[in-house]
Amino acid sequence: MEVFFPVANAGLGYKFAEVMEPLTKHFYAFKCEPSVLLSNEFITQLVETGELYALAPYRKLDVDTTLSLYPNGDLVLGLQKDTYVALGLNSPDSGAMKSKSTLPVKMREFGNCTSIRYPRSDLFIQSPFFEEIYSQNTNS
Amino acid sequence: MIKLLRFSPFNYSSTKVHCINLKRISKHKKEYDRAVWALSRGVIGQPDVILSWETISPAADTNDHTHQILRGSELGQQFECLSAKKLALNSERKTLRNLQVPIINTEKMLQMVDHPSGQSKGPTPSRSLQKLQQLIPDSKEKTTPQQSLNPDFMASLEEWIGALHNRVRNYVEAAEVDLDVSSLTHDSLESVYMHGCIFDYEGFITPNFIAHQLEQMKKLVDGAQVPYGILTAWAFEDHSRSSLEYGVDAYYTIVILPNDQYLIIRPQKT
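Basis of the calculations
- Residues numbered from 1 in each chain as written.
- Chains lettered and ligands numbered in written order.
- Predicted model: local features only at pLDDT ≥ 70, side-chain atom pairs only at ≥ 80, totals over all residues.
- Heavy atoms only, no water.
- Phe/Tyr/Trp six-rings, centres within 6.5 Å; stacked < 30°, edge-to-face > 60°.
- Helix = DSSP H or I, 4+ residues; strand = E, 2+ residues; numbered from the N terminus.
- Buried < 20%, exposed > 50% of the residue type's maximum accessible area, 1.4 Å probe, protein only.
- Pairing = 2+ DSSP bridges.
- Axes fitted to C-alpha atoms, helices over the stretch in contact; angles between N-to-C directions.
- Contact = heavy atoms within 4.5 Å.
- Salt bridge = Lys/Arg side-chain N within 4 Å of Asp/Glu carboxyl O.
- Arc of directions from axis to C-beta.
- Buried area = accessible area lost by both parts, 1.4 Å probe.
- Polar contact = N/O pair within 3.5 Å; in protein donor to acceptor, adjacent residues only side chain to side chain.
- Core = buried A, V, L, I, M, F, W, Y, C linked by side-chain atoms within 4.5 Å.

Q: Whenever I open this one, the packing of aromatic side chains confuses me. Can you help?
A: Any pair of aromatic rings gets described here by the distance separating the centres and the angle formed by the planes. In this structure the tally under the stated criterion is five aromatic pairs over all chains. Look at A:Phe4 and B:Trp160: their rings are 5.7 Å apart centre to centre, the planes differ by 65°, and that puts the pair in the edge-to-face class. Of this pair, A:Phe4 sits in strand β1 (residues 2-7) while B:Trp160 sits in helix α6 (residues 151-165), each in a different chain. Pair check on accessibility: A:Phe4 and B:Trp160 agree, each one buried. Consider the rings of A:Phe5 and A:Phe16, whose centres lie 5.7 Å apart with planes at 65°: the pair is edge-to-face. With A:Phe5 in strand β1 and A:Phe16 in helix α1 (residues 13-19), this pair connects stretches of sequence that are 11 residues apart. Taking relative accessible area as the criterion, A:Phe5 reaches 0% and is therefore assigned buried. One aromatic cluster is present, formed by A:Phe5, A:Phe16 and B:Phe199 through successive ring pairs.

Here it is as structure tokens:
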């Protein structure tokens, strides 16, 4: 970050240095498992008591796992697909994923059908509702 | 609470984003246990993490626009378990002598347009920009809808600021410039010989840090000690979700002008 002021007198810089003195002069670096960020001590003492920013530096967005933490408490993980699956947060037991996990099972029932209309019409023909209509038509 | 996001890969990779809100998850034991179990199995490994922490204290000497003051805090005992290394921000003061400094005033910046279209829709402003807008709440109202920024002047100003930060001395001093460096000229900029006082900060810089520096710049400009101040922040690009949801910009320039006016220059996002 860079701040620029045009000044008439070159010697004014030292005077402005006092005004432009930053509030925060330090930041911290450490190495830890991400689960440490979930520890109760970390959440109660740091996340809930102030504004906390954290990120994993020197990581390539498209190939590495990235990590960032924002003041609202969001821990955002950027994960490769394999890592994401291996983490286990994506398993069918997870409540949010239940509706998605049922979809492939239905698709398998219709074998090699490539059309979306075909299985739907097939379902309709096999349904009791269709049989009722069909019998009414044939009787009349 | 674990928020499973839609699988929206980044533009250039198959990376998936997973978000865990630490404040909420601690109150939901089942989700909390699951997240701890997932993250403690060593799948991600032990990444290097840099961290900045600022406590929020009620403002004793608050002014009309700020409701709380953020103070840089020492982590001290709270952080001993992580054996964190304390790093200092690099700050440096430089003086550049005899520059052709552009004169920035409202008359030159603004031009009349035929079709006022209201406020243009752009990306979410970054946190430091939002704080600046809180700091100067009336500045937008002072610009009438019939006026818009003069594109020629703005292009020249952006070019000049870019040259300044890249230390292209020839351009900043209005000397002859190679066309490979810049095709723009100083014609649309009225300039005057002055010196440049530069404060350079490097490290893990948070929006609060930038907001504080903006406040200090505004004090200097309002006190007529300097005609204006230019702040440019740049960093590596974060992934798109951070940029959109958290208002984190990787690059922008803010020009603080007298009379509660300011300019924000940032690249157009697609």
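Q: Even after reading the chapter, I still don't get the sheet that holds strand β9 (residues 191-202) of chain B, so can you show me in this structure?
A: Strand pairs in the sheet, formed through backbone hydrogen bonds, run parallel or antiparallel to each other. Pairing is antiparallel across the open sheet formed by six strands, whose spatial order is β6(B)-β9(B)-β1(A)-β10(B)-β11(B)-β12(B). Looking at which strands have only one partner, the edges of the open sheet turn out to be β6 (90-102) and β12 (261-265) of chain B. Ignoring strand direction, the axes of neighbouring strands in this sheet form an average angle of 20°. For strand β11 (residues 251-257) of chain B and β12(B), the ladder comprises five bridges, and the chain directions are antiparallel. When the bridges of β12(B) are listed, B:Ile256 appears paired with B:Tyr262. Lying on the sheet, helix α8 (residues 207-222) of chain B is in contact with β1 of chain A together with β9, β10 (229-234) and β11 of chain B; it crosses β10(B) at an angle near 170°.

Q: Explain the pattern of salt bridges to me, please; I cannot follow it from the model alone.
A: Pairing between side chains of opposite charge can happen when the charged atoms of each approach one another. Applying the stated criterion across every chain, the model contains seven salt bridges over all chains. Taking the shortest distance from any N to any O, the salt bridge between B:Arg167 and A:Glu2 comes out at 3.1 Å. On the criterion of chain membership, the pair formed by B:Arg167 in the loop between α6 and α7 (169-172) and A:Glu2 in strand β1 is interchain, its members lying in two chains. What makes B:Arg167 partly exposed here is its relative accessible area of 27%.

Q: Any chance you could explain helix α2 (residues 29-39) of chain B here in plain terms?
A: Residues spaced three or four apart along an α-helix point in a common direction, a consequence of the helix completing one turn every 3.6 residues. Residue and element names in this part refer to chain B. For α2, the full list of buried residues reads Tyr32, Ala35, Ala38 and Leu39. What you see down the axis of α2 is that its buried residues fit within an arc of 130°, all on one side. Opposite the buried face of α2, by more than 90 degrees, sit the exposed residues Lys29 and Lys30.

Q: How should the interface of chain A and chain B be read in this particular structure?
A: In many reports, interface size means the accessible area that the parts give up when they come together. The partner chain B presents 106 residues to the 84 residues of chain A that form the contact. At the boundary of chain A with chain B, total buried surface from both sides reaches about 9,700 Å², with 64% on carbon and sulfur atoms. Ranking the residues of chain A by area buried against chain B places A:Met1, A:Glu2 and A:Tyr28 at the top, with a combined share of 11%. The interface formed by chain A and chain B includes two salt bridges. Between the two partners, chain A and chain B, sit 30 residue pairs in polar contact (both at pLDDT 80 or more). Residue assignment for the side of chain A that touches chain B shows that the elements contributing at least two residues are β1, α1, β2 (26-31), α2 (40-47), β3 (50-55), β4 (66-69), β5 (74-79) and α3 (81-87) of chain A. Examined bridge by bridge, β1(A) and β10(B) share three bridges and lie antiparallel to one another. Considered in β10(B), the bridge of A:Val3 is made with B:Leu231.

Q: Would you mind going over the nonpolar core with me for this structure?
A: One broad rule of soluble globular proteins: the nonpolar side chains tend to lie buried together. By size, the foremost hydrophobic cluster in this structure holds 30 residues, and its most contacted members are A:Leu75 and B:Ile20. At the level of elements, α2, β3, β4, β5 and α3 of chain A together with α1 (22-25), α2 and β3 (48-58) of chain B are the ones that each hand at least two residues to this core.

Q: It is not clear to me how the pairing of β12(B) should be interpreted in this structure. Could you clarify?
A: In the case of a regular strand, side chains alternate between the two sheet surfaces. In terms of burial, β12(B) is a largely internal element, four of the five residues being buried. In sequence, β11(B) turns back onto β12(B) through a hairpin of three residues, with B:Asn259 there showing a positive phi of about 60°.

Q: I'm lost on the pairing of β4(A) in this one. Help?
A: Residue and element names in this part refer to chain A. A two-sided burial pattern is seen for β4, the buried positions comprising Thr66 and Ser68 on one face and Leu67 and Leu69 on the other. Relative to β5, β4 is paired through four bridges, and the arrangement is antiparallel. Across the sheet, the residue bridging to Leu69 is Leu75, located in β5. The antiparallel hairpin formed by β4 and β5 contains four residues in its connecting segment, where Gly73 sits at a positive phi of about 95°.

Q: Would you explain the environment of A:Glu2 in this entry?
A: By relative accessible area, which is 3% here, A:Glu2 ends up buried. At 3.1 Å, the side chain of A:Glu2 forms a polar contact with the side chain of B:Arg167.

Q: Help me understand unusual backbone geometry, please; the structure alone is not making it clear to me.
A: Residues and elements named next belong to chain B. Positive phi, close to 55°, is recorded for Asn98, a residue that is not glycine. As for its placement among the helices and strands, Asn98 is situated in strand β6. For Asn98, a relative accessible area of 46% corresponds to the partly exposed category. At Asp260, a residue that is not glycine, the phi angle is positive and equals roughly 60°. Summarising the element assignment, Asp260 is placed in the loop between β11 and β12.

Shape is all these values report; function is a separate question.
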